[in-house]
Amino acid sequence: MIERRHAQDGMRSRALYSPCETYRYGLERVWKDVPGPLLLWVMLNPARADERRNDPTIERCQRRAQAMGFGGMRIANIFAYRAPTPVELRRAEAPVGPENDALLLRWHAGAGMTLAGWGVHGAHLGRGAEIAALLGGELHVLGLTKAGHPRHPLYVAYSQQPQVWDRGSGP
């Protein structure tokens, strides 16, 4: 796995990539010297954010994590394949990535809270349900879609607080 780091204006970042850089397994932002527990976001797939810059989703996740009092956050995904749209993700032959599940389990075990937010596209290959079962334990959501998938944070108001996901109510 390739690890890249960046620090600027008190923010320390790192990103974990496959050797071919087709997959981004994880992204981390820490804004406090002693961060305490980190918030883990589990979303659909990485788009354009990296160790140096945020995309709109990561920016929104970071703002929410800071408002919730976390000293940092980690981003992992049910698919590690780097694609800017769900359409491109669906075209990938192997969208999960060989090291993805191990990182998800490791980061979930060390998280102060895990917030699922992969949206309706988590139904692709049954992956959302697979990851919900794999992670087990307590998962949080910012609400569920009509089909019962964890809502993507880009489309949820900041006023919406995380709630424990009753997985009996959705995939």
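The paragraphs below set out a description of the structure included in this document. (Residues numbered from 1 in each chain as written. Predicted model: local features only at pLDDT ≥ 70, side-chain atom pairs only at ≥ 80, totals over all residues. Heavy atoms only, no water.)

This part is about the overall build of the chain. Secondary structure summary: the chain contains 4 helices and 8 strands in total. The secondary structure elements of the chain, listed N-terminal to C-terminal, are β-β-β-β-α-β-α-α-β-α-β-β. Compactness check: the chain gives a C-alpha radius of gyration of 15 Å against a globular reference of 16 Å for 171 residues, within 12% of the reference. A principal-axis box enclosing the C-alpha atoms of the chain has dimensions of 40 × 35 × 25 Å. Residues classed as buried in the chain amount to 50% of the 171 residues present. Residue pairs in contact within the chain that sit at least 24 positions apart in sequence constitute 67% of those at least 6 positions apart. Accessible area for the chain stands at about 8,100 Å²; split by element, carbon and sulfur atoms hold 51% of it. Counting 22 positive and 16 negative side-chain charges, the chain places the averaged centre of each group 4 Å from the other. (Helix = DSSP H or I, 4+ residues; strand = E, 2+ residues; numbered from the N terminus. Rg over C-alpha atoms; globule rule 2.2 N^0.38 Å. Buried < 20%, exposed > 50% of the residue type's maximum accessible area, 1.4 Å probe, protein only. Contact = heavy atoms within 4.5 Å. Areas by Shrake-Rupley, 256 points an atom, 1.4 Å probe, with all protein chains shown as cover. Lys, Arg positive; Asp, Glu negative; His and termini not counted. Charge placed at Lys NZ, Arg CZ, Asp CG, Glu CD.)

A few words now on the side chain of Ser 18. The topology assignment puts Ser 18 in the loop between strand E2 (11–17) and strand E3 (24–30). By relative accessible area, which is 4% here, Ser 18 ends up buried. Apart from residues lying up to four places away in sequence, Ser 18 is in contact with Ile 2, Tyr 23 and Tyr 25.

Glancing now at the environment of Arg 64. Here Arg 64 shows up in helix H1 (residues 56–67). Separated by 97 residues in sequence, Arg 64 and Gln 161 place their C-alpha atoms 9.5 Å apart. Discounting chain neighbours no more than four positions away, the residues touching Arg 64 are Trp 41, Leu 142, Val 156, Ala 157, Tyr 158 and Gln 160.

This part covers the packing of aromatic side chains. Scanning the model with the defined rule gives 3 aromatic pairs in all. A centroid spacing of 6.2 Å and a plane angle of 70° characterise the contact between Tyr 23 and Tyr 81, whose relative ring orientation is edge-to-face. Separated by 58 residues along the polypeptide, Tyr 23 in the loop between E2 and E3 and Tyr 81 in the loop between strand E5 (72–77) and helix H2 (86–91) bring together distant segments of the chain. Residue classification places Tyr 23 among the buried residues on the basis of a relative accessible area of 11%. Residue Tyr 81 is classed as partly exposed on the basis of its relative accessible area of 23%. A network of ring pairs unites the aromatic residues Tyr 23, Tyr 25 and Tyr 81 as a single cluster. Positioned above the aromatic ring of Tyr 158 is the side chain of Arg 60, whose terminal nitrogen or guanidinium carbon lies 4.1 Å from the ring centre. (Phe/Tyr/Trp six-rings, centres within 6.5 Å; stacked < 30°, edge-to-face > 60°. Lys NZ or Arg CZ within 6 Å of the ring centre and 35° of its normal.)

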